[in-house]
Amino acid sequence: MSEERWHVRAVALPDGEDPVDLWIGDGRLTGEPLDGARDLPGAFVAPGLVDAHVHLTFEARDRLGLQRGSPELIAAHLDLQRSAGVLAVRDAGSLPGVALEPDGATGVRVVGCGPFLAPPDLFLAHLYEPTPPEAAVDAARERVRSGWPWVKIIADHPGPDGSPLAPRLGYPFDLMAKIADAVHAEGGRLAVHVMGDIVREVVAAGVDSVEHGNWAAPETVREMAARGTAWCPTLTTVLHHIEPVADKIAAARALLDRQRETLPLAAALGVTLLAGTDEEPHGSVADEVAALVRYGAPPGAALAAATTGARAYLGLPGLEPGAPADLVTFDADPRADPAALKRPAAVLAAGRRIEPT
């Protein structure tokens, strides 16, 4: 354990108003003063940031030039996250046969969904091993039994024209419901990638989190709230593809208008929002929080999507006494300007200070 001792006096995000005092010793948080503790800079403090939709084992866009699935690529991605104050990620689909270490030894805790679950000829051939419908329930069950806490289904995907506005469908919804039941019976949770206007059917199947889901209608958002379904809209990735064509394509404009309507509704109804960057650079969750705010989420809800809300939903500790000292501080209030998330004053991973980039 780290021998470093620290003292933090800062406003606790996302809901705090007055400064609180935290002490860190032996890598953990305590509410009791510690002799020899050094003051950590920063006027605002949050538990380590969370990116709830990443892909550690491959790159959607070749930025680093490292081999797909290699330990070097995974380590580079984790380095980028850690230096940005992101100390927990949910890997939302990995390459078959590639292990991910969950315990935070790298300074970043990893919650894994395991390999993508999708039928033949639906998803990107170089990223998954197809599972025919008749084998899907057993395959999902086996993923949880083999140690993955989540299972990730691809519900739809763009066809040959590559358009995300009219994707092809994967498993039937009644089969998706059976997969959800099997995953839950094994103690796991189910995330589902959905790009098209089928979010209502996916939610009705009993999934735990909707990934993307940007066509969710108001009545579907209400159903999410009633069921406790989380929503990870991956806005920065979606906007990368949709905003440039919104002036030319009516469906793109409609999707953006829908998002402006449903994100504030989801926050008002208490839907768990999760900040996830997907195809965007690792370590860029601050941009996702800013996008959530830009499309109508209140700043506190958007910040919770990358801090306390995401941590609670994923079963990760926060700033409570006895928890691992994974935290990030800021000189400026990210609720007033989400860009402040890009400028950590200090980052601690298990009580050890990491120099932000």
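Residues numbered from 1 in each chain as written. Predicted model: local features only at pLDDT ≥ 70, side-chain atom pairs only at ≥ 80, totals over all residues. Heavy atoms only, no water.

**Section: the overall build of the protein**
Here's step 1: When helices and strands are tallied, the protein shows 10 helices and 18 strands.
Here's step 2: In terms of overall dimensions, the protein is globule-like: its C-alpha atoms have a radius of gyration of 20 Å, near the 21 Å expected for 357 residues.
Here's step 3: In terms of overall dimensions, the protein has a C-alpha envelope of 60 × 40 × 40 Å along the principal axes.
Here's step 4: Looking at the protein as a whole, 56% of its 357 residues qualify as buried.
Here's step 5: Partitioning the contacts of the protein with sequence separation of at least 6, the portion at a separation of at least 24 is 65%.
Here's step 6: Counting only carbon and sulfur atoms, one obtains 51% of the accessible surface of the protein, whose full area is about 14300 Å².
Here's step 7: In the protein, the 31 positive side-chain charges and the 49 negative ones have mean positions that sit 2 Å from each other. (Helix = DSSP H or I, 4+ residues; strand = E, 2+ residues; numbered from the N terminus. Rg over C-alpha atoms; globule rule 2.2 N^0.38 Å. Buried < 20%, exposed > 50% of the residue type's maximum accessible area, 1.4 Å probe, protein only. Contact = heavy atoms within 4.5 Å. Areas by Shrake-Rupley, 256 points an atom, 1.4 Å probe, with all protein chains shown as cover. Lys, Arg positive; Asp, Glu negative; His and termini not counted. Charge placed at Lys NZ, Arg CZ, Asp CG, Glu CD.)

**Overview of the pairing of strand β17 (residues 344–349)**
Here's step 1: In terms of residue burial, β17 counts as a mostly covered element, since six of its six residues are buried.
Here's step 2: Relative to β17, strand β16 (residues 327–330) runs antiparallel, the two sharing four bridges. Looking across to β17, one finds that valine 328 is bridged to valine 347.
Here's step 3: In this structure, the hairpin formed by β17 and strand β18 (residues 352–354) is closed by a connection of two residues, where alanine 350 is found at a positive phi of approximately 50 degrees. (Pairing = 2+ DSSP bridges.)

**Here we look at the packing of aromatic side chains**
Here's step 1: Under the defined criterion, the tally for this structure stands at four aromatic pairs.
Here's step 2: When the centroid spacing of 6.1 Å and the interplanar angle of 50 degrees are considered together, the rings of phenylalanine 58 and phenylalanine 116 count as tilted. Here the residue phenylalanine 58 occupies a position in the loop between β6 (49–54) and α1 (71–83), and phenylalanine 116 occupies one in strand β9 (residues 116–117), the gap between them amounting to 58 residues. As far as burial versus exposure is concerned, phenylalanine 58 and phenylalanine 116 are alike and both buried. (Phe/Tyr/Trp six-rings, centres within 6.5 Å; stacked < 30°, edge-to-face > 60°.)

**Examining helix α8 (residues 285–294)**
Here's step 1: Three or more residues of α8 are buried, namely Val285, Ala286, Glu288, Val289, Ala291 and Leu292.
Here's step 2: Taken together, the buried residues of α8 touch β6, β7 (86–91), α6 (235–242), α7 (250–269) and α9 (299–304).
Here's step 3: Looking at the residues trailing α8, positive phi occurs at glycine 296, about 110 degrees.

**Considerations on the side chain of histidine 282**
Here's step 1: Inspection of the secondary structure assignment puts histidine 282 in the loop between α7 and α8.
Here's step 2: For histidine 282, a relative accessible area of 12% corresponds to the buried category.
Here's step 3: There is a polar contact of 3.3 Å between the side chain of histidine 282 and the backbone oxygen of histidine 55.
Here's step 4: If we ignore the near neighbours within four places in the chain, the residues touching histidine 282 are Val54, His55, Leu56, His77, Leu80 and Gln81. (Polar contact = N/O pair within 3.5 Å; in protein donor to acceptor, adjacent residues only side chain to side chain.)

**Remarks on the side chain of threonine 307**
Here's step 1: Following the sequence through the fold, threonine 307 ends up in the loop between α9 and α10 (308–314).
Here's step 2: Engagement of the side chain of threonine 307 in a polar contact is seen with the backbone oxygen of leucine 303, the distance being 2.7 Å.
Here's step 3: In this structure threonine 307 touches Pro14, Ala46, Pro47, Leu49 and Val50, once residues within four positions along its chain are discounted.

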